[in-house]
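Geometric and topological summary
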Amino acid sequence: MDKPKILIVDDDPDLQWALKTRLRANYYDTVQASDGYSAIAVAQKERPGLIILDLGLPAGDGSVVLERLQESDTLSNIPVIVLTARDAQLNKQKALLAGATAYFQKPADNAELLAAIRTSLPNTWP
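Here's what I pulled together on the structure shown here. Everything quoted here is computed from the prediction, not taken from an experiment. (Residues numbered from 1 in each chain as written. Predicted model: local features only at pLDDT ≥ 70, side-chain atom pairs only at ≥ 80, totals over all residues. Heavy atoms only, no water.)

**Points about the overall build of the protein chain**
- Broken down by element type, the protein chain carries five helices and five strands.
- Mapped in sequence order, the helices and strands of the protein chain form the string β-α-β-α-β-α-β-α-β-α.
- Whereas a compact globule of 126 residues would reach a radius of gyration of roughly 14 Å, the protein chain reaches 13 Å, a difference of no more than 12%.
- Within the protein chain, the proportion of its 126 residues that are buried is 44%.
- Put simply, 61% of the contacts in the protein chain that link residues at least 6 apart link residues at least 24 apart.
- By element, 51% of the accessible surface of the protein chain is carried by carbon and sulfur atoms, the whole surface being about 6,700 Å².
- Between the averaged position of the 13 positive side-chain charges in the protein chain and that of its 16 negative side-chain charges there is a distance of 4 Å. (Helix = DSSP H or I, 4+ residues; strand = E, 2+ residues; numbered from the N terminus. Rg over C-alpha atoms; globule rule 2.2 N^0.38 Å. Buried < 20%, exposed > 50% of the residue type's maximum accessible area, 1.4 Å probe, protein only. Contact = heavy atoms within 4.5 Å. Areas by Shrake-Rupley, 256 points an atom, 1.4 Å probe, with all protein chains shown as cover. Lys, Arg positive; Asp, Glu negative; His and termini not counted. Charge placed at Lys NZ, Arg CZ, Asp CG, Glu CD.)

Dropping the structure here:
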């Protein structure tokens, strides 16, 4: 069985590296995008099983990315977990209504994030 692939969309290279390292240690493959524009292109090319999305992005706000994913016939079924530093009071409800399966404030609790990933990825390991 192939390892599930997760697209990490964040403009912070340190956070991308930390997430990639954590996810690979838990048997996930990862691909990265650092802005809103490339997030859609990478999602179309790579067809990840799940997307971890920051809301504060250059070249296309994360909310716009979430909207575009939901509007796409080929991408709308990919679960999206929002991981952001933006104010949860202002953004959590909006993100969940826009189709996100979970919302985390940075820095996220590792165990909680991994549990949300396992819950959001249908019928995959680990």
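Once the structure has been displayed, the description carries forward.
**Concerning helix α1 (residues 13-25)**
- Here α1 spans 18 Å end to end across 13 residues, near enough to the 18 Å set by a 1.5 Å rise per residue.
- Along α1, the residues that are buried comprise L15, Q16, L19 and L23. Buried residues along α1 cover an arc of 100° about the axis, so they all sit on one side. Facing away from the buried surface of α1 by more than 90 degrees, the exposed residues are P13, D14, W17 and A25.
- For α1, the secondary structure elements touched by its buried residues are β1 (5-9), β2 (29-33), β3 (50-53), β4 (80-84) and α5 (110-120).
- The opening residue of α1, the one whose side-chain oxygen lies 2.8 Å from the backbone nitrogen of D14, is D12.
- Just beyond α1, the residue with positive phi is Y27, at close to 70°. (Expected span 1.5 Å × (residues − 1). Arc of directions from axis to C-beta. Polar contact = N/O pair within 3.5 Å; in protein donor to acceptor, adjacent residues only side chain to side chain.)

**Topic: the nonpolar core**
- If you look at the biggest cluster of nonpolar residues, it comprises 22 residues, and the most contacted ones within it are L7, V9, I51, L53, V65 and L69.
- Those elements that provide at least two residues to this core are β1, β2, α2 (36-46), β3, α3 (62-71) and β4.
- Of the residues forming this core, the biggest block, four residues, is contributed by α2.
- Grouped together as the second largest cluster of nonpolar side chains are 18 residues, I6, I8, F104 and L114 included. (Core = buried A, V, L, I, M, F, W, Y, C linked by side-chain atoms within 4.5 Å.)

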